[in-house]
Amino acid sequence: MSRRVILICLVSGAAILAVSGDSADEIGRVPEVPMHSRSDSVRNRLALEKSPYLLQHANNPVDWYPWGEEAFETARRENKPVLLSIGYSTCHWCHVMEHESFEDPEVAALLNRAFVCVKVDREERPDIDHVYMTVCQMMTGSGGWPLTILLTPERQPFFAATYIPRAALLSFVPRVETAWKERNEELRRDAGRVSGLLRDAMAPAAGGEIGPDVLQRAYQELGARFDSTHAGFGSRPKFPSPHNLLFLLRHWKRSGDARALEMVERTLDAMRRGGICDHVGFGFHRYSTDAAWLLPHFEKMLYDQALLMMAYTEAFQATGNPRYRVVSEEIAAYVMRDLSSPAGGFVSAEDADSEGEEGKFYVWTMEEMRGVLGADAGRMAAVLGASEEGNFAEEATGHRSGANVLHLPRPLDETARILGVSGDDLRGDIEQARRRLLAARAARVRPHRDDKVLTDWNGLMIAALAKSGRALDHPDLVERAATAASFIRRESMEGDRLLHRWRDGEAAIPGMLDDYAFFTWGLLELYEATFDVAYLELALRLAARMHAAFEDTAAGGYFITAADAESLLVRPKEIYDGAAPSGNSVAMAVMARLSRMTGDMVWDARARAVGRAFAAQIAASPMAHAYALVAADFLIGPTMELVIVGTPSAGDVRAMRRAVDGRFLPHLVTVFRPAGGGPIEALAPYVRGQAPQGALATAYLCRNFACERPVTDPAELARRLDAPGP
């Protein structure tokens, strides 16, 4: 499958080139491209970098520069445009373009002659990626990686594309050379015009408050896009987008609308049964290339695991269905086994490719299954959707190769009835087979693992582990979250400042909005899971730094980059919730929670100011801002504040906690006050007067800071928590 790619360059309204080919953001397969031979002694400037993505290109014959003043000074001195190529190390299409073009001496010679070539890892520099991806979407109507941008030496863009086939590059580069020499003023003028449009696009109009009507419209939009056949939203490709499900769970809690919960459950069930779930090693792939969740794009990203773990955990709290508990535990098992850094944090991702083929590590032929499972292979193949013909198409031909993406074609209880066995027996048989397949798969060549530790993505995983550990009564998950938080504090903090990336003993790149917002989220979840006041103290410090360094004092909301960060073409600001929630959405949510935990309504005002800054944009397309609406839902309220008073390790305190932790209470925050007082009183002064009743652990439940009489019976606390609010 291919898509027509229009490569656009503004030259007085005319395009330099339009070609047909395969697009990097197209969800399909491209013909396998052989790697060109090269000498390992050929090293360019990227050899000195830490980024796994940049290091992948260190042996290219392209004379790559990392992003920095040296590259742009060279472009000015030599009067050349800059070719900016942005990608990441586990990107399948980035590999294709590298093998096809950047390793090819003929293409490299042309690129080196015509351009100063700059490589950027989008995961290291999401700020740069955001600016130029916005350019690509403005100029072409779509985006994806690898992202290819041509810039003037002043960093102004005049051309945008994603993946460009080798043949197109060979034709395209000489045309750009000619245009740069003969129509230089026109190119620069049009680049300036694009830059002006970019600045306008980065300045959304504010307007009003986000009210319940916007929440309702988001629900209606999601309902209209719900796939009633396969679940999920839209057709193909299908991304997990867990924050949509987090929003729908809150809509169900607020409204009682059963369809909201049905959409959540059907989507979670379909994803777990589909090939987007790794049925052998657990965890989820990045997205499904088809509508039925069967055929995945095989990358595994840390942020997807974190957000999906939260969605399955909250679904378990909301429904009590043990199936969702199991999936949360499976994701955690995968992350701790395969995405844990020995240093203490979590690494970023695993590649889709191994041995030059996408998905090779994950798929199974019937011959391979028989070799592992023996006589049980036939029955397990029926359970896991495998066949001799296979369901996975070869890249080169598009024909089925006999390889299978394992999945569950039908619910397990239905399969058990067909096979005449109990559901528990079948689950036990599947687990035995899974373990044998996992052991056999361990002998295969593994996909590349991107081992950089990103503060923002670690913040998400810390939040997920702490939330899940608390809800599922898994102290080991909370402990692992605490270990990761300690790593970030030790390795990626300088005073109150965060650094974005750690790898190979080096922390670097000033922290961005997502780093502060996401790590603060993780700290708040850790506080509620442990009642260690140090986490709340640090969350407050980081939130204060985030507000001071990132606030847009003129228009509201928060910029992606700090006030003292590198100056880019524009200072980007974003509220759109893409594969992960935006930094502004999470900042709004954590500030709202801080206001209820501490009683300091300055945080409430700051959270509401974020909503007002983006209200018009959110109202124009509510479902595109699902996590911002999670925050808005909390601010609309009513919220509940629970203060538990007692001895931290006492059994009666644990009993109070059990009354809370297993319930789905998205509008509740929990604070602990030791019976004799303590540091929490300085952070949350309203708890000072809340003392234990006798020697018993005591719970004070408040709604918007109006407190009910204290209770010492966990069952009574549970009844009050389940009672409808005003």
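Computed from a predicted structure; not experimentally measured.

J.: Even after reading the chapter, I still don't get the sheet that holds strand β22 (residues 668-674), so can you show me in this structure?
T.: Strand order in this open sheet of 4 strands is β22-β21-β23-β24, and the pairing throughout is mixed. In this open sheet, the two strands that pair with only one neighbour each are β22 and β24 (706-707). When strand β21 (residues 640-646) meets strand β23 (residues 698-703), the two strands line up antiparallel, connected through 6 bridges. Bridging across to β23, Glu-641 finds its partner in Cys-702.

J.: Would you mind showing me how to read helix α8 (residues 212-225) here?
T.: For α8, built from 14 residues, the straight-helix expectation of 20 Å at 1.5 Å per residue is met to within 8% by its first-to-last C-alpha distance of 20 Å. Those residues of α8 that fall on the buried side of the exposure criterion are Val-214, Leu-215, Ala-218, Tyr-219, Leu-222 and Gly-223. Each element contacted by the buried residues of α8 is listed here: α9 (242-255), α10 (258-273), α22 (601-620) and α23 (626-636).

J.: Sorry, what's going on with empty space enclosed by the protein here?
T.: To locate leftover empty space, one rolls a probe as large as a water molecule over the atoms. Applying the stated criterion across every chain, the model contains 3 cavities of 30 Å³ or more. Of the pockets and cavities examined, the largest cavity occupies roughly 460 Å³. As for the largest cavity, its lining consists of 28 residues, of which Arg-250, Lys-467, Glu-525, Leu-665 and Pro-666 are closest to the centre. Looking at the lining of the largest cavity, the elements that each hand over two or more residues are α9, α11 (302-319), α17 (455-472), α19 (513-530), α21 (583-598), α23, α24 (651-661) and β22. If one sorts the elements of the lining of the largest cavity by residue count, α23 sits on top with 5 residues. Looking at the lining of the largest cavity, its residues break down into 17 nonpolar, 1 polar and 10 charged. The space that makes up the second largest cavity amounts to roughly 80 Å³. What lines the second largest cavity is Gly-275, Cys-277, Asp-278, His-279, Val-280, His-285, Phe-298, Tyr-362, Trp-364, Val-405, Leu-406 and Arg-441. Looking at the lining of the second largest cavity residue by residue, the classes come out as 7 nonpolar, 3 polar and 2 charged.

J.: Teacher, can you tell me more about the nonpolar core here?
T.: Here is a general trend for soluble globular proteins: nonpolar side chains tend to be buried in one another's company. If you look at the biggest cluster of nonpolar residues, it comprises 217 residues, and the most contacted ones within it are Tyr-132 and Phe-247. Counting residues per element, this core draws most heavily on α11, which supplies 12 residues. Phe-247 has contacts with Leu-215, Ala-218, Tyr-219, Leu-222, Ala-626, Leu-629 and Val-630, leaving out every residue within four places of it along the chain. Membership of the second largest hydrophobic core comes to 20 residues, among which are Met-366, Val-372, Leu-373 and Met-380.

J.: Where do I start with the packing of aromatic side chains in this structure?
T.: Two numbers describe a pair of aromatic rings. These are the distance of the centres and the angle of the planes. Taken as a whole, this structure holds 21 aromatic pairs when the rule is applied. Between Trp-67 and Phe-72, the ring centres sit 5.0 Å apart and the planes meet at 70°, which makes this aromatic pair edge-to-face. With a relative accessible area of 14%, Trp-67 lands in the buried category. Where Trp-521 meets Tyr-627, the ring centres are 5.2 Å apart and the plane angle is 35°; that geometry is what we call tilted.

J.: How should the confidence of the model for the protein be read in this particular structure?
T.: Do not read the fine detail of predicted coordinates wherever pLDDT is low. Summing up the model confidence of the protein, the mean pLDDT is 91 and the portion of residues at 70 or higher is 93%. pLDDT under 50 marks residues 1-41. Its contacts with residues more than four places away, or in other chains, come to 115 contacts.

J.: Quick question: what am I supposed to make of the pairing of β23 here?
T.: Along any regular strand the residues' side chains alternate between the sheet's two faces. Within β23, 6 of the 6 residues are buried, which leaves the element mostly enclosed by the surrounding structure. Residues Thr-698, Tyr-700 and Cys-702 of β23 are buried on one face, and the alternating residues Ala-699, Leu-701 and Arg-703, pointing to the opposite face, are buried as well.

J.: Could you clarify how one ought to interpret the pairing of β21 in this entry?
T.: Of all 7 residues that make up β21, 7 are buried, and the element is covered over most of its length. Residues Met-640, Leu-642, Ile-644 and Gly-646 line one face of β21 and the alternating positions Glu-641, Val-643 and Val-645 line the opposite face, and both faces are buried. Here β21 pairs with β22 via 7 bridges, running parallel. Bridging across to β22, Gly-646 finds its partner in Pro-674. As a crossover connection, the stretch from β21 through α24 into β22 is right-handed.

J.: Before we go on, may I ask you to explain the side chain of Arg-593 in this structure?
T.: Position of Arg-593 among the secondary structure elements: in helix α21. What makes Arg-593 buried here is its relative accessible area of 12%. Other than its neighbours up to four places away in sequence, Arg-593 contacts Trp-521, Leu-524, Glu-525, Glu-528, Phe-634 and Val-669.

J.: Explain the environment of Met-493 here, please?
T.: Looking at the element boundaries, Met-493 is found in strand β18 (residues 493-494). For Met-493, a relative accessible area of 13% gives the class buried. Sequence separation between Met-493 and Arg-286 is 207 residues, and the spatial gap between their C-alpha atoms is 30 Å.

J.: Mind showing me how you'd approach the state of the cysteines here?
T.: One way to say it: the disulfide is the covalent bond shared by the sulfur atoms of two cysteines. Enumeration according to the criterion identifies 2 disulfides in this entry. Between the sulfur of Cys-91 and that of Cys-94 lies a disulfide, 2.5 Å long from S to S. Judged by the torsion about the S-S bond (80°), the Cys-91/Cys-94 disulfide is right-handed. Its relative accessible area of 2% is what places Cys-94 among the buried residues. Cys-702 shares a disulfide with Cys-707; S-S distance 1.9 Å. Here the S-S torsion is close to 85°, and the disulfide linking Cys-702 with Cys-707 is therefore right-handed. Take Cys-707: its relative accessible area is 40%, and that puts it in the partly exposed class. Among the cysteines of the protein that take part in disulfides, numbered as they appear in the sequence, the pairing is 1-2, 3-4. Note on Cys-136: no disulfide assigned, nearest cysteine sulfur contributed by Cys-94 at a separation of 13 Å. Taking the relative accessible area as the measure of exposure, Cys-136 reaches 1% and is therefore buried.

Conventions we followed
- Residues numbered from 1 in each chain as written.
- Predicted model: local features only at pLDDT ≥ 70, side-chain atom pairs only at ≥ 80, totals over all residues.
- Heavy atoms only, no water.
- Pairing = 2+ DSSP bridges.
- Helix = DSSP H or I, 4+ residues; strand = E, 2+ residues; numbered from the N terminus.
- Expected span 1.5 Å × (residues − 1).
- Buried < 20%, exposed > 50% of the residue type's maximum accessible area, 1.4 Å probe, protein only.
- Contact = heavy atoms within 4.5 Å.
- 1 Å grid on protein atoms, 1.4 Å probe; cavity = no way out; pocket = protein on both sides within 12 Å on 5 of 7 lines; lining within 4 Å.
- Points joined across faces, edges and corners; volume = space filled by probe spheres on them.
- Nonpolar A, V, L, I, M, F, W, Y, C, P; charged D, E, K, R; others polar.
- Core = buried A, V, L, I, M, F, W, Y, C linked by side-chain atoms within 4.5 Å.
- Phe/Tyr/Trp six-rings, centres within 6.5 Å; stacked < 30°, edge-to-face > 60°.
- pLDDT = per-residue confidence, 0-100.
- Right-handed = clockwise from strand over helix to strand, strands pointing away.
- Disulfide = S-S within 2.5 Å.

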